[in-house]
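Residue-level structural notes
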Amino acid sequence: IDHLRSRCPGLFLLGLTATPIYNDERKQGWLLKLFPQNILYQVSPQDLMAAKILSQPVLEDAPTKNKPAFDDRAFQKWTTTYRDLPEEVIDQLATNNDRNEAIVNRYANNKEKYGKTLIFADRWYQCEYLCQALGRRHVRAGAVYAHSDANPGSADARNRRTTSENAKVLADFKEGRLDVLVNVKMLTEGTDVPDVQSVFLTRQTTSRILLTQMIGRGLRGQKFGGTEKAYIVSFIDDWTHRIDWAAYDPLNPEEADESAPEIGKRPP
């Protein structure tokens, strides 16, 4: 940036997030409309891994054998929203104790392999369940969450976790006093724990943005105090419907979508 400013004193700079992508398919071509010259320079994930800036992701699927109840009517209604899974379906997954025990067993039976692990859950009560179940397996686990649930159940539940409590748990995890940190989308961006060895994704998502952010928490390479390899464990349910789940592929660099249709009169 300093070099560009020295060459172009009147330079305008637009800063974007690491994932400047829309989930809404109707808007995915807007980035190319703003920058018709396309991508002038980028560094591939492979180059970053070779330079030890990124870890090498080791992708693992963990089938849960759980068949979620998602009826045809609800599915058809949901497919027009461009949103992630409906809240009632997420609730169903988060409260399934057999499914949660499968998540616990996956870690507890492979603790040496997975090491310092970040678990992305969906509900505060799922965080609590996973922590207690891990504790019974002699795993040091803590949770950070905010009560952003549509219906947390009671006023007491809404006030159950404070910012200072979350900060203490996060500090314990960073400093090695916890093996596992469970959270509800609080650590998708902006939190840096370089030595995370594994990331557990407790459910699939249709959002490439969310998926990239979650996986990114485990991809700090050795040059930044991270690890050579990062285990990315995705828990896969047995869905009746075909759903276009987001997938992570470090071999395909992100590119703008040139095929997106015009978006009426609204400018990018």
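In this text, all values refer to a predicted model and were calculated from it rather than measured experimentally.

What counts and how
- Residues numbered from 1 in each chain as written.
- Predicted model: local features only at pLDDT ≥ 70, side-chain atom pairs only at ≥ 80, totals over all residues.
- Heavy atoms only, no water.
- Phe/Tyr/Trp six-rings, centres within 6.5 Å; stacked < 30°, edge-to-face > 60°.
- Helix = DSSP H or I, 4+ residues; strand = E, 2+ residues; numbered from the N terminus.
- Buried < 20%, exposed > 50% of the residue type's maximum accessible area, 1.4 Å probe, protein only.
- Lys NZ or Arg CZ within 6 Å of the ring centre and 35° of its normal.
- Core = buried A, V, L, I, M, F, W, Y, C linked by side-chain atoms within 4.5 Å.
- Contact = heavy atoms within 4.5 Å.
- Expected span 1.5 Å × (residues − 1).
- Arc of directions from axis to C-beta.
- Polar contact = N/O pair within 3.5 Å; in protein donor to acceptor, adjacent residues only side chain to side chain.
- Pairing = 2+ DSSP bridges.
- Axes fitted to C-alpha atoms, helices over the stretch in contact; angles between N-to-C directions.

1. A word on the packing of aromatic side chains
Across all of its chains, the model carries 11 aromatic pairs by this definition. With a centroid separation of 5.7 Å and 80° between ring planes, the pair formed by Tyr-114 and Tyr-231 is classed as edge-to-face. Taken together, the positions of Tyr-114 in helix α7 (residues 111–114) and Tyr-231 in strand β6 (residues 229–236) put the pair 117 residues apart, joining distant regions of the chain. Of the two residues, Tyr-114 and Tyr-231, both sit in the buried class. Between Trp-124 and Tyr-125, the ring centres sit 5.7 Å apart and the planes meet at 75°, which makes this aromatic pair edge-to-face. Judged by relative accessible area, Tyr-125 falls into the partly exposed class, the value being 27%. Grouped by ring-pair contacts, the aromatic residues Phe-70, Phe-75, Trp-78, Trp-239 and Trp-245 constitute a single cluster. The aromatic ring of Phe-173 is capped on one face by Lys-116, whose charged end is 5.1 Å from the ring centroid.

2. What about the nonpolar core?
Side chains that are nonpolar tend, in soluble globular proteins, to be buried together. Ranked by size, the top nonpolar core spans 23 residues in total, and within it Val-182 and Phe-200 carry the most contacts. At the level of elements, α6 (97–108), α8 (124–136), β4 (180–183) and β6 are the ones that each hand at least two residues to this core. Ranked by the residues each element gives to this core, the list is headed by α8, at six residues. With residues up to four places along the chain from it excluded, the contact list for Val-182 reads Ile-119, Ala-121, Cys-127, Leu-130, Cys-131, Gly-142, Ala-143 and Val-144.

3. Comments concerning the environment of Gln-213
Tracing the backbone through its elements, the reader meets Gln-213 in helix α11 (residues 208–216). A relative accessible area of 15% places Gln-213 in the buried class. Remark: the alpha-carbon pair of Gln-213 and Lys-185, spanning 28 residues in sequence, is separated by 9.5 Å.

4. Re the environment of Pro-63
Along the polypeptide, Pro-63 turns up in strand β1 (residues 56–63). With relative accessibility at 64%, the residue Pro-63 sits in the exposed group. Residues Pro-63 and Arg-99 lie 36 residues apart in sequence; the distance between their C-alpha atoms is 9.8 Å.

5. Concerning unusual backbone geometry
Positive phi outside glycine occurs at Lys-52, with the angle close to 65°. Summarising the element assignment, Lys-52 is placed in the loop between α3 (45–50) and β1. Of note in the backbone geometry, Lys-65 takes a positive phi value of approximately 65° without being a glycine. Within the fold, Lys-65 resides in the loop between β1 and α4 (72–78).

6. Regarding α6
In this model, α6 (12 residues) spans 16 Å end to end at C-alpha, consistent with the 16 Å of a helix rising 1.5 Å per residue. Within the sequence span of α6, burial applies to Arg-99, Asn-100, Ile-103, Val-104 and Tyr-107. For α6, the arc enclosing every buried residue in end-on projection is 145°, short of the 170-degree limit, so these residues lie on one face. Capping the start of α6 is the job of one residue whose side-chain oxygen sits 3.1 Å from the backbone nitrogen of Asp-98: Asn-96.

7. Overview of the sheet that holds β1
Pairing is parallel across the open sheet formed by six strands, whose spatial order is β1-β6-β5-β2-β4-β3. One side of each edge strand has no neighbouring strand; the edge strands of this open sheet are β1 and β3 (141–144). Recorded for the sheet is a direction-independent mean angle of 20° between the axes of neighbouring strands. Of the pairings in the sheet, the one linking β3 to β4 comprises four bridges and is parallel in character. Bridging from a neighbouring strand, Val-144 pairs with Asn-183 of β4. Packing of α11 onto the sheet brings it into contact with β2 (117–120), β5 (198–201) and β6, and relative to β5 it is tilted by some 150°.

8. Notes on the pairing of β4
A two-sided burial pattern is seen for β4, the buried positions comprising Val-180 and Val-182 on one face and Leu-181 and Asn-183 on the other. Sheet topology note: the β2/β4 ladder contains four bridges and is parallel. Considered in β4, the bridge of Leu-118 is made with Leu-181.

Without other data, these values stay purely geometric and don't point to any function.
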